[in-house]
Amino acid sequence: MTQAPTPTADTVRRLVRSLLEESTGRNTGQAGGPEVRPVGEGHEHTWWVGAHQVLRLAPDRDASARRRRELRLRDLVRPHVPVTVPVSIAHGDWAPGLAYTLDTVVPGGTADEHDVSAVGEADLAGLLGGLRAVPVRQAEALGVPRTAPRSLDALRRMAVRAAERLAAADEFDASRLHLTPPGAAQLAAQHGTAVLTHHGLTCEHVVVSADGRVRGVLDWTEAALGDPAEDIAGLAVAVGSPAAVRAATLAGYGPRPCLRGLWLARCDTVLRLAGHLEGRATGSLPLLRSRLRRAWEPILLERVTEFKDDDTAP
């Protein structure tokens, strides 16, 4: 397999100049075009273009396929949700078989930078409710894949071992992971509840303004038809468990998927922090600790420990 080229500032400048010349019909010259710069260290495939656009370069053919599908999916999702879904103003290939999209920037910061307000929680409720309203058959027709629900009990077992290692490093109180096998069984995903999920509601993908409103959601390349608790889990890590559960409840989700999402998030954050401390995962240690703290914020709903046999509320 031919190794994909690594994009450089010159690569990006040439592509941006060609797009400008195509749109204006004028030759901008070798020095023409807006300033370009990578969005951050380790993000050589994503570049700011001036102050109002972002260029996303797919690193391989699989990512290219997801990027092309994302263009159509965003158009399908946009009418259903109250937050901004980025708009692509140009797309094509930046190298043979490798896609790019030039998108408008959604103004605001990340969920790591700004807390979500009560009105922002309503924005998130609208997002979750809107995703549930997207017709599954239309998403399937675009090629959005189906994903099987994760086993919460298998995740719990791995997290218990990771929590013990974190406790030995004085990073976490392992007794807090009190989810039992019967409890995990009660929180298994219910049959027939698959919906369109963003499946990547991380802090950097949730755009929050200084006033706490959720202004947009970025990067729809990992979207899938599956367990709605995965998006609740993502929000628990991004904005905190209480805010995530309140938003999911406002969106019409019952206790089971809310608690399932909570425990998915809690187990995930324990595993990620343990992986980092053991040298098996990269990332910012302060951010991983902060995200674990958010996922483990207590909520009143945890007092619900039993469900009726016919409790199939979404």
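That block above? That's the structure.
Computed from a predicted model, the values in this text were never measured in an experiment.

### Brief notes about the packing of aromatic side chains
Applying the stated criterion across every chain, the model contains two aromatic pairs. For the pair phenylalanine 172 and tryptophan 296, a centre-to-centre distance of 5.0 Å together with 65 degrees between the ring planes defines the contact as edge-to-face. Pair noted here: phenylalanine 172 is in the loop between helix H5 (152-168) and helix H6 (181-186) and tryptophan 296 is in the segment after helix H10 (285-295), with a separation of 124 residues, a long-range link. Here the two residues phenylalanine 172 and tryptophan 296 agree in accessibility, since each one is buried. Plain terms: the ring middles of tryptophan 263 and tryptophan 296 are 5.6 Å apart, the flat faces sit at 90 degrees to each other, and that makes the pair edge-to-face. Separated by 33 residues along the polypeptide, tryptophan 263 in helix H9 (residues 255-277) and tryptophan 296 in the segment after H10 bring together distant segments of the chain. Grouping aromatic residues by their ring pairs yields a cluster made of Phe172, Trp263 and Trp296.

### Brief notes about the pattern of salt bridges
Inspection of the entire model under this criterion finds 25 salt bridges. We note a salt bridge from aspartate 211 to arginine 215, for which the minimum N-O separation is 3.1 Å. We classify arginine 215 as partly exposed; its relative accessible area is 32%. Arginine 293 is the partner of glutamate 297 in a salt bridge, and the nearest nitrogen-oxygen pair spans 3.5 Å. Residue glutamate 297 is classed as partly exposed on the basis of its relative accessible area, which comes to 23%.

### Observations concerning the side chain of threonine 221
Mapped onto the fold, threonine 221 is located in the loop between strand E9 (214-217) and strand E10 (224-226). For threonine 221, a relative accessible area of 5% gives the class buried. Engagement of the side chain of threonine 221 in a polar contact is seen with the side chain of aspartate 219, the distance being 2.6 Å. Contact partners of threonine 221, with chain neighbours within four places excluded, come to Arg56, Arg66, Arg67, Arg69 and Glu70.

Conventions used here
- Residue positions are counted from 1 within each chain, in the order its sequence is given.
- Only residues with pLDDT of 70 or above have their local features reported here, since the model is predicted, and side-chain atom pairs are shown and tallied only from 80 upward, although totals for entire chains, interfaces and linings are computed over all residues.
- The basis for every side-chain value is the complete set of heavy atoms in the structure, and neither hydrogens nor water enter the calculation.
- Each Phe, Tyr or Trp ring (for Trp, its six-membered ring) is paired with any other whose centre lies within 6.5 Å, and the angle between the two planes then decides the class: stacked below 30 degrees, edge-to-face above 60, tilted in between.
- Secondary structure counts use DSSP, requiring at least four H or I residues in a row for a helix and at least two E residues in a row for a strand, with both numbered from the N terminus.
- For the exposure calls, accessible area comes from a 1.4 Å probe over protein chains only, and a residue counts as buried if that area is under 20% of its type's maximum, exposed if over 50%, partly exposed in between.
- By definition here, a salt bridge exists when the distance from a side-chain nitrogen of Lys or Arg to a carboxyl oxygen of Asp or Glu is within 4 Å.
- Here a polar contact is taken to be a pair of N or O atoms separated by no more than 3.5 Å, where protein atoms must pair a possible hydrogen donor with a possible acceptor and residues adjacent in sequence count only if both atoms sit in side chains.
- Residues are treated as being in contact if the distance between any of their heavy atoms lies within 4.5 Å.

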